[in-house]
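# Observations on chain architecture
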Amino acid sequence: MISENTYRFVEPLFDCVDLGAIEVKGRPEPVNAYQVIGLKAEPGQVRGLAGLESPMVGRDEELATLIQLCETVRAGLGRAVLIIGEPGLGKTRLITEWKYAVTRIGHEPSTQWAEGHGLSYGQGLAYHLIIDLIQSLVPIPAGAGEPEICNFIQSYAEDLFGDSALEVYPYLCHLLSMQLEGPALEQVRSLDPQARQAQYLASLRRLLLALAAHGPLVIILEDLHWADPSSVELLIKLLPLALEAPILFCLVTRPEVDAPGWKLVTTAREIMGGGLTEMTIEALSDVDSRQLVANLLEIEALPDDVRTHILHKAEGNPFFVEEVIRMLIDRGAIIQENGNWIAGTKIEEVDIPDNLQSLLLARIDRLPDEVKHTLRVAAVIGRQFPLRVLEQVLVGEETA
Ligand SMILES: Nc1ncnc2c1ncn2[C@@H]1O[C@H](COP(=O)(O)OP(=O)(O)O)[C@@H](O)[C@H]1O
Ligand SMILES: [Mg+2]
């Protein structure tokens, strides 16, 4: 069971049932509670504001360049593009709009899209980015269990490679940590780790080339600043495929030059020559930021100094703009009346934090004490931990 506060973060990814208001020990008023039923088939957006949306402002030039790159690849040439920018400036949004625009244009042969994402806790998870990419390249049916996935990958490889499928699918399955059987298992087992890694690379090369033979292939590698070193090593060796096949590698990262993933950026600069496009996502201009606030909130009564204040603190970061507005809504400084947002009387009193970190800290500060305590204990345990450990520490405290 989860509370209203948590519901907002859980709801985009999980199906929940509203249990209505219930009495909670230590709370003067009933709290709205929800029961989590299970994972959503199609995950929703975690960022952004429900009911408050803005079309993408600015970024016209970047979008046009990306669309043009798809045309180049459709004409048979491989390319690479770097999209580099600080958190919250809109890298992911730009890519979403790009895919949407290219799909809407609908040229034949249609562009094939595959994506692998770095995970915030993933630098120590070997091959996590590659695994995510394979799951996007191979259309594994949703909800399939382990034996079905293996069978699916096998028949998919047989369609693509005929008799030589056995050189490909065992390694893809092995990367996905699937239980293999028979000759496939024997084959993978007989190799030492180095030889196995060479086979991972060979099978991925064959897969990418086979797909690119059907039409233009775009491979988006998102949040590379979180990529694990083993994925990066493989990707560095896959990148040269763009020199021989209509593949567009799109490398998306924060400007973190010490992250393992940055090696992929330097490799692209070394080998791609004129086939590399570099894009730096800058803060939104004043005019665009103003437009963004106007699109999100059509509030006539939003006092001018509050508007200017939001814009000043956000420094052109759209994520910050959204979060400030969310905070104003949470605190009742902006209220919805007959479907319109209006500024409440408290709007002048709300202190807008200076940066994203303080904004998030301020949000934590307003959580119920118990939740805050859990968060503090979790932060001490580390960035990544099994839930069990957190439970044990908290229970240990209670009985101590
Ligand atoms: N140019 C833009 N116009 C409107 N909203 C934007 C724009 N860029 C980003 N956003 C919104 O700001 C939030 C953060 O953007 P996101 O793409 O997740 O940033 P990044 O991937 O760079 O960390 C998202 O909710 C996104 O929809
Ligand atoms: Mg992003």
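Values in this document were obtained by computation on a predicted structure and should not be read as measured data. (Residues numbered from 1 in each chain as written. Chains lettered and ligands numbered in written order. Predicted model: local features only at pLDDT ≥ 70, side-chain atom pairs only at ≥ 80, totals over all residues. Heavy atoms only, no water.)

The next point concerns the sheet that holds strand β3 (residues 31-39). The sheet built from 3 strands is open, its strands ordered β1-β3-β2 with antiparallel pairing. Edge strands, defined here as strands with exactly one partner in the open sheet, are β1 (2-3) and β2 (14-22). Here 2 bridges tie β1 to β3, and the two strands are oriented antiparallel to one another. Bridging from a neighbouring strand, S3 pairs with A33 of β3. (Pairing = 2+ DSSP bridges. Helix = DSSP H or I, 4+ residues; strand = E, 2+ residues; numbered from the N terminus.)

This brings us to the nonpolar core. When a protein is soluble and globular, its nonpolar side chains tend to lie buried together. By size, the foremost hydrophobic cluster in this structure holds 62 residues, and its most contacted members are L137, I153, L208, L221, I247 and F249. For I247, the residues in contact, after removing those within four places along its chain, are V73, G78, R79, L208, A212, L217, I219, L241 and A242. Formed by 26 residues, the second largest nonpolar core is a distinct cluster that contains L284, V293, A333 and I347. (Core = buried A, V, L, I, M, F, W, Y, C linked by side-chain atoms within 4.5 Å. Buried < 20%, exposed > 50% of the residue type's maximum accessible area, 1.4 Å probe, protein only. Contact = heavy atoms within 4.5 Å.)

Let's shift gears to a negative patch on the surface. Residues D304, D305, E348 and E349 make up a contiguous surface patch of negative charge. The topology assignment puts D304 in helix α12 (residues 304-314). Of the residues examined, D304 reaches a relative accessible area of 56% and is grouped as exposed. (Patch = residues over 30% accessible without salt bridge, like charges linked within 9 Å, V, L, I, M, F, W, Y side chains within 5 Å. Areas by Shrake-Rupley, 256 points an atom, 1.4 Å probe, with all protein chains shown as cover. Salt bridge = Lys/Arg side-chain N within 4 Å of Asp/Glu carboxyl O. Lys, Arg positive; Asp, Glu negative; His and termini not counted. Charge placed at Lys NZ, Arg CZ, Asp CG, Glu CD.)

Moving on, we come to the environment of N5. The residue N5 is located in helix α1 (residues 4-10) in this model. Measuring from C-alpha to C-alpha, the distance between N5 and L276 comes to 45 Å, with 271 residues separating the pair along the chain. Sequence-distant contacts of N5, that is, excluding residues within four places in its chain, are made with L367 and P368.

Glancing now at the pattern of salt bridges. Side chains carrying opposite charge are able to pair once their charged atoms draw close together. If you walk through the whole model with that rule in mind, you get 9 salt bridges. In this structure, E167 engages R206 in a salt bridge whose closest nitrogen and oxygen atoms are separated by 2.7 Å. Of this pair, E167 sits in the loop between α5 (146-161) and α6 (169-175) while R206 sits in helix α8 (residues 193-214), and the two are 39 residues apart along the sequence. By relative accessible area, which is 43% here, E167 ends up partly exposed. With relative accessibility at 28%, the residue R206 sits in the partly exposed group. Of the charged contacts in the structure, one is a salt bridge between E233 and K263, with a shortest N-O distance of 3.0 Å.

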